[in-house]
Amino acid sequence: MTDLQERREQTTTTAADEWHQTACILCSANCGVEVRLDGRRFARIRGNKAHVGSQGYTCEKALRLDHYQNMQGRLTAPMKRLPDGSYVEVDWDTAIREVADGFRGVVDRHGGDKILYYGGGGQGNHLGGAYGAATRRALGITRRSNALAQEKTGEAWVEGRMFGTHTHGHFADAEVAVFLGKNPWHSHGFDQARRVLKEIAADESRTMIVIDPRRTETADLADHWLAVKPGGDAYLLAAIAGALVDEGLADTAWLAANTTGAEETMALFRGLPIADLAERCGIDEAVIRAVARRLAGASSVAVYEDLGIEMAPNSTLVSYLQRAIWVLVGAYGEPGGMSAHSSLVPLFSYGASGNEPTDPVTGGPVISGLTPCNELADGVLSDHPDRVRAMLIESGNPVHSLAESDKFRRAMRKCEFTVVIDITMTETAEQADYVLPAASQYEKVETTFFGVGFPDNWACLRPPVLEPLAGTLPEPEIHTRLVRELGLLDDIDIEGLRAAADDGEEAFSQAFMEAAMSDPNVAGIGAIVLYETLGRTLPAGMEGAAALWFSAHQVAMRYPDAVRSAGFEGEGTELGAALWRELVSNPNGVVFTRHEHADSWTLLKTPDQKIQLAIPELFDDIRALVDEMPEYTSDEFPFVLSAGERRSFTANTIMRDPAWRKRDAEGALRLSPADAASIGVRDGDRVRITTPGGTAVAVAEVTDTMMDGHVALPNGLGLSYAPAGGDPELTGVAPNELTTTDWRDKIAGTPWHKHVPARLEAVAR
Ligand SMILES: Nc1nc2c(c(=O)[nH]1)N[C@H]1C(S)=C(S)[C@@H](COP(=O)(O)OP(=O)(O)OC[C@H]3O[C@@H](n4cnc5c(=O)[nH]c(N)nc54)[C@H](O)[C@@H]3O)O[C@H]1N2
Ligand SMILES: Nc1nc2c(c(=O)[nH]1)N[C@H]1C(S)=C(S)[C@@H](COP(=O)(O)OP(=O)(O)OC[C@H]3O[C@@H](n4cnc5c(=O)[nH]c(N)nc54)[C@H](O)[C@@H]3O)O[C@H]1N2
Ligand code: SF4
Ligand SMILES: [Mo]
């Protein structure tokens, strides 16, 4: 038995006293956990101390993961929609044949570019998307989108122009940490967030700055909580940038050496009316100047922006302004500061930055290959000849998660052919022509590509804890069957490659490279060729890891020194092979690159490997900030609703069973005491919320953490769920029944979900 098989034996034994290493899939942190089984139940769950990133840390949510794994309503057979809207079970062979035929028909009638591929991964499952790429290739699908195109595309638009790549802060070591529209106490986003936040708060030499209208749990730990008016961030940040330049705090020598465009950018900020901007955003000028000085005086500054600005007015502009600020103070490339990083599999490509194509139907910018989510449904519902006619959706729930749920529902029904791959009958699956049941994230090998660490970056390939539930298949198998049915494997010498794989990695590597050179299809559907060949030599359950073989070799080729510093030995393909072996056999995760700080500069992808501080396309918008700040509220809709807050017991739509929530059972509408009094509601009363998009009733939570005029609903509520033996029940408000697709950023098309005008009324008791 090989070492690998031995480890696999150890991790799949079902002895009740055995701990299985896996990860929490409820947010991007993917903390390592260990579970003990009782049959198929997760009897005990604890943090995995040996995990490379989380080192035993978890938040309260991980302990409730049995509600995911053992939810009611798991699909156990492919479902086919009948003309009356009901579903019948079909066997897998029939489903694969009919799905392949259905898509082939759309390709014949309209072309593969009229099919939309949506999703590809949630918080903890990104392997399926790697195989989905092969199905896209097989069908000629070029249109893509996923949740990133309703949050991070504005940021990517900015980062592509400034750095040509993604940057991230090292909060564990930062002297000054800034959270901008981000509540890491609940939403995490970096390893061991609460531990890090508490450390910063306890250390007098370090400073935490939180910019958020709500006094969040993170704000409570901050040295400076800037309670910005909702939507006022552009004004606040312009004022900080203005103060930096005014007071001569910009690091001009550093800027001259490391950036281009600094002078024109400083000229733009010089002389901005700081007092006026301060008044508009609701923050004292003295506080703004104090923050500017603190940033300028710090040895390291790390900044995290998130949905509070990415889903609010001026979102792309704010993404730029915050970066301009930390570049002005020279906060790039220092230990504890901001840096580019390596990736096992990059989530974004920046190749077209500055020259983004537009969607042929909606005209929106296609950033990193993604059509803006807010334009998808409108495009389908239009009569444009190039509109999308079919959809393949996997591991995403766009009917629930995208603006104006009903519009997406109608768009799906208007399509000629729609297929959803999910583990259960979601709001989106309920509109599909076929639903293919996937194995859960604990029933197959999985990983996340969210890793953004620097100087060390890690990845964790988790072996399955359980066999797939009967009737379900892991995505790699589903895509392989589809691609095979589409005939793409017919001309590839799978047997020959399999034989090479049996002869060992070196033989396989050579045979695969030769095959890829002689037939472009081999590379095009590479994940599936790897799955069918190398994958078959991996221990049972690990086949789906095969797609990462290529990624491991690529990382080793791109960053050989950093991979060697991380402890791997060898040159060329030996180095990649060493990394691959460790990845596929270490369930505690692997540090795959260990960089020098100087690498921050070589990792930049700008033509001159300097930071491009100026984005002239945004300069007019910055000049316009001297005008009045627009008010989006009115007499009809006097409140600003943040539709989709992260809380203790929210996890997008991954957790459907409402019983997983230990508090805030229905997901309350939070509002300030003064606002509650003004509409005559008390804690626990019902409130009707009306927006331009719709209306809903929520339970009220009166809290002095909310600013007057600002109210918030949680994200991920309003899911239907049938408890064992019971009828389906809807708990809480689905936020996108209240949003509209036109309410969005003019640059990236990202929604303004944090800033929805709303009216509130007490519902009679
Ligand atoms: N518990 C939990 N954690 C999660 C998730 C989850 O569902 N549940 N989802 C994960 C995902 S997919 C993501 S993208 C992240 C998101 O993580 P976050 O962005 O941190 O989460 P939110 O609570 O949606 O928004 C952050 C803050 O924005 C503030 N805000 C509202 N309006 C404004 C404004 O105008 N300006 C500023 N500056 N702030 C404003 C809100 O008060 C809120 O505190 O969380 C991840 N982590
Ligand atoms: N109004 C409003 N809307 C929002 C937000 C907000 O704050 N406000 N937040 C937005 C953000 S930041 C995000 S990231 C999105 C998230 O929304 P989506 O991108 O739609 O993702 P999830 O809700 O995580 O849905 C994941 C789906 O994957 C399914 N699933 C779970 N495990 C597996 C598996 O192993 N295989 C397959 N095939 N499927 C699986 C689940 O059942 C679920 O249907 O929501 C967005 N929508
Ligand atoms: S929800 Fe996020 S932070 Fe909490 S345990 Fe899971 S992965 Fe870790
Ligand atoms: Mo997200």
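The structure presented is a predicted model; accordingly, all values stated were derived computationally and were not measured.

(A) Main features of helix H14 (residues 315–328). Relative to the 20 Å expected for 14 residues at 1.5 Å per residue, H14 spans 20 Å between its end C-alpha atoms, a close match to the ideal helical length. Where burial is concerned, most of H14 is hidden: 14 out of the 14 residues are buried. One or two steps after H14, the chain reaches glycine 330, where phi turns positive at roughly 70 degrees.

(B) Up close: the site of ligand 3. In the vicinity of ligand 3, the contacting residues are Cys24, Leu26, Cys27, Ala29, Asn30, Cys31, Thr58, Cys59, Lys61, Ala62 and His188. A class-by-class count of the residues in the shell around ligand 3 yields seven nonpolar, three polar and one charged.

(C) The nonpolar core, seen in detail. By size, the foremost hydrophobic cluster in this structure holds 217 residues, and its most contacted members are Leu65, Phe269, Leu328 and Met391. No other element matches the 11 residues that helix H8 (residues 233–246) contributes to this core. Excluding residues within four positions of it along the chain, leucine 65 makes contact with Ala23, Cys24, Ile25, Leu26, Phe42, Ile45, Tyr442 and Met655. Formed by 20 residues, the second largest nonpolar core is a distinct cluster that contains Leu671, Val681, Val687 and Val733.

(D) Structural view of the packing of helix H5 (residues 153–162) against H14. Running from N to C, H5 and H14 point in directions that differ by 40 degrees, and their axes come no closer than 8 Å. Viewed along their axes, H5 and H14 adopt a mutual orientation that is oblique. In this structure, the crossing between H5 and H14 has a hand that is right-handed. Of the residues in H14, those in contact with Gly154, Glu155, Trp157, Val158, Glu159 and Met162 of H5 are Thr316, Ser319, Tyr320, Arg323, Ala324 and Val327. Broken down by class, the residue content of the contact of H5 with H14 amounts to six nonpolar, three polar and three charged.

(E) Region of the structure containing the packing of aromatic side chains. A complete count under the given rule lists 24 aromatic pairs for this structure. With a centroid separation of 5.6 Å and 85 degrees between ring planes, the pair formed by phenylalanine 512 and tryptophan 549 is classed as edge-to-face. On the criterion of sequence distance, the pair formed by phenylalanine 512 in helix H20 (residues 505–518) and tryptophan 549 in helix H23 (residues 547–558) is long-range, its members being 37 residues apart. Tryptophan 549 matches phenylalanine 512 in its accessibility class, with the two residues each being buried. Between the aromatic rings of phenylalanine 649 and tryptophan 660, the centroid separation amounts to 5.2 Å while the plane-to-plane angle is 80 degrees, which identifies the pairing as edge-to-face. One end of the pair, phenylalanine 649, is in the loop between strand S21 (639–645) and strand S22 (669–671); the other, tryptophan 660, is in the loop between S21 and S22, with 11 residues separating them in the sequence.

(F) Representation of the sheet that holds strand S1 (residues 20–23). One open sheet holds the three strands; their spatial order is S1-S2-S3, and the pairing between them is antiparallel. Both outer strands of the open sheet, S1 and strand S3 (41–47), are each paired with one neighbouring strand and no more. In this sheet, adjacent strand axes meet at a mean angle of 40 degrees when their direction is disregarded. Summarising the sheet, strand S2 (residues 32–38) and S3 pair through six bridges and their orientation is antiparallel. The residue bridging leucine 37 from the neighbouring strand is phenylalanine 42, located in S3.

(G) Fine view of unusual backbone geometry. For the peptide bond that leads from phenylalanine 454 to proline 455, omega is 0 degrees, which places it in the cis range. Within the element layout of this structure, proline 455 appears in the loop between strand S17 (434–437) and strand S18 (456–459). Even without glycine at this site, serine 395 takes up a positive phi of about 50 degrees. For serine 395, the location among the structural elements is in the loop between strand S15 (390–394) and helix H16 (398–401). Under the relative-accessibility criterion, serine 395 is labelled partly exposed at 21%. For asparagine 652, which is not a glycine, the phi torsion comes out positive at approximately 40 degrees.

(H) Region of interest: empty space enclosed by the protein. Using the criterion set out here, one finds eight cavities of 30 Å³ or more in the structure. Lining of the largest cavity is provided by Val178, Leu180, Ile209, Ile211, Leu237, Ile240, Val291, Leu295, Val301, Val303, Gln322 and Ile325. Those elements giving two or more residues to the lining of the largest cavity turn out to be strand S9 (176–180), strand S10 (207–211), H8, helix H12 (285–297), strand S13 (301–305) and H14. A breakdown of the residues in the lining of the largest cavity according to their chemical character gives 11 nonpolar, one polar and no charged.

(I) Broad picture of the pattern of salt bridges. Counting across every chain of the model gives 55 salt bridges. The shortest N-O distance in the salt bridge between arginine 536 and glutamate 477 comes to 3.9 Å. Of this pair, arginine 536 sits in the loop between helix H22 (526–532) and H23 while glutamate 477 sits in helix H18 (residues 475–485), placing them 59 residues apart in sequence. On the accessibility criterion, arginine 536 (38% relative accessible area) is partly exposed. Ionic pairing is found between glutamate 571 and arginine 564, a salt bridge with its closest N-O pair at 3.8 Å. The partly exposed category is assigned to arginine 564, whose relative accessible area is 29%. Taken together, the shared-partner salt bridges connect Arg214, Glu217, Glu645, Arg647, Asp664, Arg670 and Glu701 into one network.

(J) Quick look at the sheet that holds S9. Taken in spatial order, the four strands of this open sheet run S11-S10-S9-S13, and their pairing is parallel. Only two strands of the sheet have a single neighbouring strand rather than two, namely strand S11 (224–226) and S13. On average, each strand axis in the sheet is inclined to that of its neighbour by 10 degrees, with strand direction left out of account. Strand direction decides the pairing type here: S10 and S11, joined by three bridges, are parallel. Bridged to isoleucine 211 within S11 is leucine 226. Taken strand by strand, H14 contacts S9 and S13, and its axis lies near 175 degrees from that of S13.

(K) Structural context of the environment of leucine 381. Mapped onto the secondary structure, leucine 381 falls in helix H15 (residues 373–381). When near neighbours in sequence (up to four residues on either side) are disregarded, leucine 381 contacts Lys407, Arg410, Ala411 and Lys414.

(L) Inspection of the site of ligand 1 at higher detail. Close contacts around ligand 1 come from 31 residues, with Ser187, Asp212, Asp233, Thr650 and Lys754 the closest. For ligand 1, an oxygen atom lies 2.7 Å from a polar atom in the side chain of serine 187. Aspartate 306 is positioned such that a nitrogen or oxygen atom in its side chain is 3.4 Å from an oxygen atom of ligand 1. Considered on its own, ligand 1 offers 920 Å² of accessible surface; in the complex 97% of this is hidden by protein. Secondary structure elements with two or more residues in the shell around ligand 1: helix H6 (184–187), helix H13 (307–310) and S21. Taken together, the residues of the shell around ligand 1 sort by class into eight nonpolar, 12 polar and 11 charged.

(M) Molecular detail of the domain arrangement of the protein. Each assigned domain of the protein is listed with its residue range as follows: domain 1 (3–70 + 442–472 + 490–594), domain 2 (79–152 + 366–437), domain 3 (167–340 + 607–624) and domain 4 (639–762). Taken as a group, Leu26, Arg64 and His67 account for 58% of the area that domain 1 buries against domain 4, more than any other trio of residues on that side. Where domain 1 touches domain 4, the interface holds zero salt bridges. Here domain 1 and domain 4 share four residue pairs in polar contact (both at pLDDT 80 or more) between them. Its residues placed into classes, the side of domain 1 that touches domain 4 shows four nonpolar, one polar and three charged.

(N) Fine view of the side chain of aspartate 212. Along the chain, the position of aspartate 212 falls in the loop between S10 and S11. Buried within the structure, aspartate 212 lacks any salt-bridge partner; arginine 214 is the closest side chain of opposite charge, at an N-O distance of 5.7 Å. With residues up to four places along the chain from it excluded, the contact list for aspartate 212 reads Lys182, Trp225, Leu226, Ala227 and Val228.

(O) Region of interest: the side chain of serine 342. Checked against the element boundaries, serine 342 lands in the loop between strand S14 (338–340) and H15. What makes serine 342 buried here is its relative accessible area of 0%. Within polar-contact distance, the side chain of serine 342 engages the side chain of threonine 593 at 2.7 Å. Apart from residues lying up to four places away in sequence, serine 342 is in contact with Gly451, Asn457, Tyr559, Phe592, Thr593, His595 and Leu603.

Parameters at a glance
- Residues numbered from 1 in each chain as written.
- Chains lettered and ligands numbered in written order.
- Predicted model: local features only at pLDDT ≥ 70, side-chain atom pairs only at ≥ 80, totals over all residues.
- Heavy atoms only, no water.
- Helix = DSSP H or I, 4+ residues; strand = E, 2+ residues; numbered from the N terminus.
- Expected span 1.5 Å × (residues − 1).
- Buried < 20%, exposed > 50% of the residue type's maximum accessible area, 1.4 Å probe, protein only.
- Near = heavy atom within 4 Å.
- Nonpolar A, V, L, I, M, F, W, Y, C, P; charged D, E, K, R; others polar.
- Core = buried A, V, L, I, M, F, W, Y, C linked by side-chain atoms within 4.5 Å.
- Contact = heavy atoms within 4.5 Å.
- Axes fitted to C-alpha atoms, helices over the stretch in contact; angles between N-to-C directions.
- Parallel < 35°, antiparallel > 145°, perpendicular 65-115°, else oblique.
- Left-handed = near helix turned anticlockwise from the far one by under 90°.
- Phe/Tyr/Trp six-rings, centres within 6.5 Å; stacked < 30°, edge-to-face > 60°.
- Pairing = 2+ DSSP bridges.
- 1 Å grid on protein atoms, 1.4 Å probe; cavity = no way out; pocket = protein on both sides within 12 Å on 5 of 7 lines; lining within 4 Å.
- Points joined across faces, edges and corners; volume = space filled by probe spheres on them.
- Salt bridge = Lys/Arg side-chain N within 4 Å of Asp/Glu carboxyl O.
- Polar contact = N/O pair within 3.5 Å; in protein donor to acceptor, adjacent residues only side chain to side chain.
- Areas by Shrake-Rupley, 256 points an atom, 1.4 Å probe, with all protein chains shown as cover.
- Domains from an automatic or database assignment.
- Buried area = accessible area lost by both parts, 1.4 Å probe.
- Lys, Arg positive; Asp, Glu negative; His and termini not counted.

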